[in-house]
Amino acid sequence: MYITLTKKRIFILLCVIVSVFLILIQFFSVKADYIDVSTNQKRVAYITALGITLQNDEYSKKDTVIPLEFGNVYNKYNTMQKQSGFDLSGYKGQNVTIYTYNCDTYKVVNLIVYKGRLIGGDICDLQIDGQMLPLKGS
């Protein structure tokens, strides 16, 4: 059995090889950026790795939906997320869970989680004149 390799077949074969290669690169690059926070232990470890000391490992949890259309407030919040390497615009309309941990008397850490993956978050100062900071770079 012989296969005749014409220029057209070689071109098609190269296109298939390049396509498979690009798909594999995309697959592994997404996995490399994946921050698994599917358990309380993993969330606490992530927060601790940021240099934040928690009061304890207890948390509150709230399910919400990322809006389909971002208003002014959500656009500003997403700009802050981008400072930490996150971007919520790819999750519009998706159900997410927000985990909140107390890190001192007046501050909390919020982690936004989609299917066990960290997609955003913030550090929020609950005092009257407090501010909201990105998870990283704050």
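Residues numbered from 1 in each chain as written. Predicted model: local features only at pLDDT ≥ 70, side-chain atom pairs only at ≥ 80, totals over all residues. Heavy atoms only, no water.

Notes on the pattern of salt bridges
Thinking step 1. A complete count under the given rule lists one salt bridge for this structure.
Thinking step 2. K42 is paired through a salt bridge with D36; the nearest N and O atoms lie 2.6 Å apart.
Thinking step 3. Overall, the relative accessible area of 36% leaves K42 in the partly exposed class. (Salt bridge = Lys/Arg side-chain N within 4 Å of Asp/Glu carboxyl O. Buried < 20%, exposed > 50% of the residue type's maximum accessible area, 1.4 Å probe, protein only.)

Here we look at the state of the cysteines
Thinking step 1. Enumeration according to the criterion identifies zero disulfides in this entry.
Thinking step 2. Cysteine C103 shares no disulfide, and the gap to the nearest cysteine sulfur, in C124, comes to 9.6 Å.
Thinking step 3. What makes C103 buried here is its relative accessible area of 13%.
Thinking step 4. Residue C124 is classed as buried on the basis of its relative accessible area, which comes to 15%. (Disulfide = S-S within 2.5 Å.)

Let's talk about helix α3 (residues 72-83)
Thinking step 1. In this model α3 runs 17 Å from its N-terminal to its C-terminal C-alpha over twelve residues, within 8% of the 16 Å that 1.5 Å per residue would give.
Thinking step 2. Residues of α3 that are buried: Y77, N78, M80 and Q81. Along the long axis of α3, the arc covered by the buried residues comes to 155°, so they all point the same way. Turned more than 90 degrees off the buried face of α3, the exposed positions are N72, K76 and Q83.
Thinking step 3. Where α3 is buried, its residues meet β3 (107-114), β4 (117-125) and β5 (132-134). (Helix = DSSP H or I, 4+ residues; strand = E, 2+ residues; numbered from the N terminus. Expected span 1.5 Å × (residues − 1). Arc of directions from axis to C-beta. Contact = heavy atoms within 4.5 Å.)

Remarks on the sheet that holds β5
Thinking step 1. Taken together, the five strands give an open sheet; going across it, the order is β1-β2-β3-β4-β5, and neighbouring strands pair in antiparallel fashion. In this open sheet, the two edge strands, each paired with only one partner strand, are β1 (60-65) and β5. Strand-to-strand, the axes of this sheet are offset by a mean angle of 30°, without reference to chain direction.
Thinking step 2. Note that β3 and β4 share eight bridges and pair antiparallel. Each bridged residue has a counterpart across the sheet, and for Y114 the counterpart in β4 is R117.
Thinking step 3. In this fold helix α2 (residues 40-49) packs onto β2 (95-104), β3 and β4, with an angle of close to 55° to the strand it touches most, β2.
Thinking step 4. Set on the sheet, α3 makes contact with β3, β4 and β5; between it and β4 the angle comes to about 110°. (Pairing = 2+ DSSP bridges. Axes fitted to C-alpha atoms, helices over the stretch in contact; angles between N-to-C directions.)

Brief notes about the packing of aromatic side chains
Thinking step 1. The final tally for this structure, using the stated rule, is five aromatic pairs.
Thinking step 2. Through pairs of rings, three or more aromatic residues link up here, namely Y59, Y99 and Y101.
Thinking step 3. Sitting over the ring of Y59, R43 keeps its end group 5.0 Å from the ring centre. (Phe/Tyr/Trp six-rings, centres within 6.5 Å; stacked < 30°, edge-to-face > 60°. Lys NZ or Arg CZ within 6 Å of the ring centre and 35° of its normal.)

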